[in-house]
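# Residue-level structure breakdown
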Amino acid sequence: GQQLNQSPQSMFIQEGEDVSMNCTSSSIFNTWLWYKQDPGEGPVLLIALYKAGELTSNGRLTAQFGITRKDSFLNISASIPSDVGIYFCAGLKGTSGSRLTFGEGTQLTVNP
Amino acid sequence: DTEVTQTPKHLVMGMTNKKSLKCEQHMGHRAMYWYKQKAKKPPELMFVYSYEKLSINESVPSRFSPECPNSSLLNLHLHALQPEDSALYLCASSQGKQPPGTYEQYFGPGTRLTVT
């Protein structure tokens, strides 16, 4: 099935550094979602984006909906150890009750 | 409140057992989902219920049988599973047919299933 290209696959950073990850697709999405998943837990929604060009923040997190509607990025500023986890982007083409298309995830490790 | 609850947290079952996973949400959401997730991989969609009717079945084997008794509950009945079915099973919900801005899916904590 269709996939989103998420990069990087993994990141090893020092506490306090900024982080950037992105997702790209060959097709258009109407909604972009960013999730964080801790080991053994379900994904937690971080940010939802609905309009091309939209820039949204949630604390130290900032995400943007690409102007072409084919990409999105997530930035984390001043990383802390609890930012460790897997970050997934997900795109949605249609309405609620439709399929989410997920990226493969970015594994983030933060060294204190 | 954006909470989706799932029980049990962990389940170990033999290949001849019958068991059920349960999911509940009280957000008034009208779409509910079952996903299967393998380690370090994204969730894979299994089933979607929209307004208590099955709307998407992603060609899931019949040993997995979903059920939506009402708008708040979603079950996944398991029978004659294989060891390769061991995974984290996630339930999610989202609002029904609403204006844009309400399509995000909220996930439960998952059930860690081990088939022996």
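Shown above is the structure to which this text applies.
A brief look at the structure comes next.

Reading the values: the criteria
Residues numbered from 1 in each chain as written. Chains lettered and ligands numbered in written order. Predicted model: local features only at pLDDT ≥ 70, side-chain atom pairs only at ≥ 80, totals over all residues. Heavy atoms only, no water. Phe/Tyr/Trp six-rings, centres within 6.5 Å; stacked < 30°, edge-to-face > 60°. Lys NZ or Arg CZ within 6 Å of the ring centre and 35° of its normal. Pairing = 2+ DSSP bridges. Helix = DSSP H or I, 4+ residues; strand = E, 2+ residues; numbered from the N terminus. Salt bridge = Lys/Arg side-chain N within 4 Å of Asp/Glu carboxyl O. Buried < 20%, exposed > 50% of the residue type's maximum accessible area, 1.4 Å probe, protein only. Disulfide = S-S within 2.5 Å.

### Comments concerning the packing of aromatic side chains
Counting across every chain of the model gives 9 aromatic pairs over all chains. By way of ring pairs, the aromatic residues Y35, F88 and F102 of chain A together with Y33, Y35 and F107 of chain B are connected into one cluster. Over the face of the ring belonging to F29 of chain A we find K93 of chain A, whose NZ or CZ atom lies 4.4 Å from the ring centre.

### Digging into the pairing of strand β8 (residues 73-79) of chain B
Sheet faces and side chains relate simply in a regular strand, where the side chains alternate between the two faces. All names here are of chain B. Bridging between strand β3 (residues 18-25) and β8 involves 7 bridges; their strand directions are antiparallel. When the sheet's bridge partners are listed, K19 is paired in β8 with L78. As defined by bridge partners, strand β7 (residues 64-70) adjoins β8 across 5 bridges and the pair is classed as antiparallel. Following the sheet pairing, N70 is matched in β8 by L73. In this antiparallel pair of consecutive strands, β7 and β8, the connection spans 2 residues.

### Notes on the pattern of salt bridges
Residues and elements named next belong to chain A. One pass over the full model with this rule turns up 7 salt bridges over all chains. The salt bridge involving D38 is made with K36; its shortest N-O contact spans 2.9 Å. Classification of D38 as partly exposed rests on a relative accessible area of 34%.

### Here we look at the state of the cysteines
Counted under the stated rule, the structure contains 2 disulfides over all chains. Here C23 of chain A pairs with C89 of chain A through a disulfide, and the sulfurs are 1.7 Å apart. Of note, the bridge from C23 of chain A to C89 of chain A carries an S-S torsion of about -80° and is left-handed in sense. On the criterion of sequence distance, the pair formed by C23 of chain A in strand β3 (residues 19-24) and C89 of chain A in strand β9 (residues 85-92) is long-range, its members being 66 residues apart. We classify C89 of chain A as buried; its relative accessible area is 0%. Covalently, C23 of chain B is tied to C91 of chain B through a disulfide, its sulfur atoms 1.9 Å apart. As the torsion about the S-S bond is roughly -70°, the C23 of chain B-C91 of chain B disulfide counts as left-handed. In this pair, C23 of chain B sits in strand β3 while C91 of chain B sits in strand β9 (residues 87-94), placing the two residues 68 residues apart along the sequence.

Keep in mind these values describe shape, not function.
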